[in-house]
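# Summary of the model geometry
Listed here are the chains, written in short residue letters.
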Amino acid sequence: MRFEPTEEQALVERTTRDYAQRVLAGRAAERDRSGEFPARELGELAALGLLGINVPEELGGGAAGAVAYALAMEELSRADPSVSVAVSVTNMVAELVVRFGSEAQRREHVPRLVGGEYLCGAFALSEPHSGSDAAAMSTTATRTARGWRLRGSKQWITSGDRAGLMVVWATTRPGTGAKGISAFLVRGGSPGLVVSRREEKMGLHGSSTVGLTFDDCELGEDALLGEEGGGFKLAMIALDGGRIGIAAQALGIARMALDAALAYARERTTFGAPIAQHQAIGNMLADAATWLDAGRLLVRRAAWRKQQGMPFSVEASMAKVFATEKAQAVCDLALQIHGGIGYTRDVPIERACRDVRATRIYEGTSEIQRIVIARHIVREGARS
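Keep in mind it's a predicted model, so treat the numbers as computed, not measured. (Residues numbered from 1 in each chain as written. Predicted model: local features only at pLDDT ≥ 70, side-chain atom pairs only at ≥ 80, totals over all residues. Heavy atoms only, no water.)

### Quick word on the packing of helix α8 (residues 313-338) against helix α9 (residues 349-357)
Across the interface, α8 lies against α9 with an axial gap of 9 Å and an inter-helix angle of 165°. Of the possible angle classes, the one that applies to α8 and α9 is roughly antiparallel. The handedness of the crossing between α8 and α9 comes out as left-handed. Contact residues: Ala327, Gln328, Cys331, Asp332, Ala334, Leu335 and His338 in α8; Ile349, Ala352, Cys353, Val356 and Arg357 in α9. (Axes fitted to C-alpha atoms, helices over the stretch in contact; angles between N-to-C directions. Helix = DSSP H or I, 4+ residues; strand = E, 2+ residues; numbered from the N terminus. Parallel < 35°, antiparallel > 145°, perpendicular 65-115°, else oblique. Left-handed = near helix turned anticlockwise from the far one by under 90°. Contact = heavy atoms within 4.5 Å.)

So this is what it looks like as structure tokens:
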């Protein structure tokens, strides 16, 4: 495993950082206030090749690999995590179609996803009463003479009101649990697809989160992604990769908070010295920097294993639970270092504290990550 990025990975990182700091960072505070969806920015990111970083070149992607994707997610999130959420899900959907789609599905949908024609993708798995327990979903897909009919509802769907293409999970064999779940490709605006209200969230205001209802939504035979009954496996594989992206997102948010805290600690003077020179503040900065470096190494290990075609599920769970929880701790320390002003909207710290909180929930809660890790070490033993 390399600790330093390759030339190609470094190029992706620099390109993303340049765009993120030049364009996204200056718009982040206003987006947080207005809740404006980043449609224009997603088009610009598509032109830069950042909606399909790990997608083959022949399908319009950059083929730069999972490590480059993690680096890009960190840079985007450092500037505006609301934008990085849509980028993350679009990359997830594109990779899923590349891996499990038919040749016709890949050719039809992937270039449109990564090229910006679809604007973004959506991942419709969670339901009002089926979140972490995905096998308990109640949305159904029934065969018809022309293909399939979807009935049911989904909840907490990122970009569900904006996506040109979404992967929707439904049970095709009711009563069989995970073995009866299949995945389907559904275009945004399909007849029978109804978008409910946009959720008013604590943070990530520029990322839309909606409910979806499928009211006899008719799909063609070619909408089935992968094998009938194989959808649960597809969801778990996609979530493993998605956890790497969310861990990187958390690190990016925390990096922004730490950068702000460090700058403030160097400038703010008390008792005749910059507060950075006070041991209490120095200890906070040291802890934060150490946690971020440790989290970054866990993320890159998981991404590297994915890129090498090695098992990475446990590594992705370790990266996500550590990076997201320590990122929240870093943001809290950054607010404490700022004192009273950190609790106001005059500085970006309070926004970071709100935005980072979601990373411990989506793509699998911290509790789910610990279940994954515990099952592995009980079965295989802890690594020596």
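### Here we look at the packing of helix α1 (residues 7-34) against helix α3 (residues 66-79)
Interaxial distance between α1 and α3 falls to 7 Å at its minimum, and their mutual angle equals 20°. The pairing of α1 with α3 is recorded here as roughly parallel in orientation. Two packed elements cross with a definite hand, and for α1 against α3 that hand is right-handed. Along its contact with α1, which presents Gln9, Val12, Glu13, Thr16, Arg17, Ala20, Gln21, Leu24, Ala25 and Ala28, the element α3 presents Val67, Ala68, Leu71, Ala72, Glu75, Leu76, Arg78 and Ala79. Grouping the amino acids of the contact of α1 with α3 by side-chain chemistry returns 11 nonpolar, three polar and four charged. (Nonpolar A, V, L, I, M, F, W, Y, C, P; charged D, E, K, R; others polar.)

### Describing the nonpolar core
The tendency in soluble globular proteins is for nonpolar side chains to be buried side by side. Core analysis: the largest hydrophobic core is formed by 84 residues, its most contacted members being Leu45, Leu150, Phe184, Val186 and Val299. For this core, the element with the highest residue contribution is helix α6 (residues 231-267), accounting for 13 residues. Contacts of valine 186, omitting those with residues within four sequence positions, involve Leu150, Gly164, Leu165, Met166, Val168, Leu193, Cys217 and Leu219. Counting residues in each nonpolar core, the second largest holds 28 residues, with Ala94, Leu113, Val114 and Leu165 among its members. (Core = buried A, V, L, I, M, F, W, Y, C linked by side-chain atoms within 4.5 Å. Buried < 20%, exposed > 50% of the residue type's maximum accessible area, 1.4 Å probe, protein only.)

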